[in-house]
Amino acid sequence: MMTAAQLRAARALLGIDQRTLAELSGVSLPTIQRMEASEGNVRGVVESLTKVIEALDRCGVTLIGDNSRSEGGGRGVRFKEPAPPRNEA
C-alpha cells in the first residue's frame, strides 16, 4: 500500500513534478493527480499503482510501510510512529 502523502513525499525527494512522474511511470497526469488527492491509502487501478511504484523504485525511492524495517542505507524520512488511521467515510 502507498499513501497519498508518501507519493507526494517521494516526488519531493526526487525533485520532480506530477507531469514528470506521469511520464516516468507511463500513466496519465490526471491519474497522478487523483492518486495524490486521495485520503489515506492511494486508490486506483492496480496496474497504475504498480507502474508508479516501479517508476519510483527505478528513480531510487523505496516506500516504507508502517512498522517495516528499512534495510537500505540511503537517506530518507519517516514518522517516528505509524500515522494514526484517518476517518474514511
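Residues numbered from 1 in each chain as written. Predicted model: local features only at pLDDT ≥ 70, side-chain atom pairs only at ≥ 80, totals over all residues. Heavy atoms only, no water.

Asks: Would you take a moment to explain the UniProt feature "domain: HTH cro/C1-type" (unreviewed entry) in the chain for this structure?
Replies: This chain's UniProt record puts "domain: HTH cro/C1-type" (unreviewed entry) on residues 7-36. Summarising residues 7-36: 80% helix, 0% strand, and an end-to-end C-alpha distance of 7 Å. (UniProt positions renumbered as here; feature names shortened; annotations may be inferred. Helix = DSSP H or I, 4+ residues; strand = E, 2+ residues; numbered from the N terminus.)

Asks: What exactly am I supposed to notice about the environment of Ile 53 here?
Replies: Among the structural elements, Ile 53 can be located in helix α4 (residues 46-58). For Ile 53, a relative accessible area of 36% puts it in the partly exposed group. Separated by 52 residues in the primary sequence, Ile 53 and Met 1 place their C-alpha atoms 9.8 Å from one another. In this structure Ile 53 touches Met 2 and Leu 63, once residues within four positions along its chain are discounted. (Buried < 20%, exposed > 50% of the residue type's maximum accessible area, 1.4 Å probe, protein only. Contact = heavy atoms within 4.5 Å.)

Asks: Quick question: what am I supposed to make of the environment of Thr 3 here?
Replies: Within the element layout of this structure, Thr 3 appears in the segment before α1 (4-14). Spatially, the C-alpha atom of Thr 3 lies 8.2 Å from that of Glu 36, the residues being 33 residues apart in sequence. Excluding its chain neighbours within four sequence positions, the residues that come into contact with Thr 3 are Gly 40, Asn 41 and Val 42.

Asks: Explain the nonpolar core here, please?
Replies: Side chains of nonpolar character tend, in soluble globular proteins, to be buried together. If you look at the biggest cluster of nonpolar residues, it comprises 16 residues, and the most contacted ones within it are Met 2, Leu 7, Leu 21, Ile 32, Met 35, Val 52 and Leu 56. Every element with two or more residues in this core is listed here: α1, α2 (18-25), α3 (29-37) and α4. The residues touching Met 35, leaving out its near neighbours within four places in the chain, are Ala 4, Leu 7, Val 42, Arg 43, Ser 48, Leu 49 and Val 52. (Core = buried A, V, L, I, M, F, W, Y, C linked by side-chain atoms within 4.5 Å.)

Asks: Help me understand the pattern of salt bridges in this model?
Replies: Between side chains of opposite charge, pairing is possible as soon as their charged atoms come close. Using the criterion set out here, one finds 2 salt bridges in the structure. In this structure, the salt-bridge partner of Arg 11 is Glu 36, at a minimum N-O distance of 2.5 Å. Here Arg 11 is found in helix α1, whereas its partner Glu 36 is found in helix α3, with 25 residues between them in sequence. The residues Arg 11 and Glu 36 share a single accessibility class, namely buried. With a closest N to O distance of 3.7 Å, Glu 47 and Lys 51 form a salt bridge. Of this pair, Glu 47 and Lys 51 both sit in helix α4, 4 residues apart, roughly one helical turn. (Salt bridge = Lys/Arg side-chain N within 4 Å of Asp/Glu carboxyl O.)

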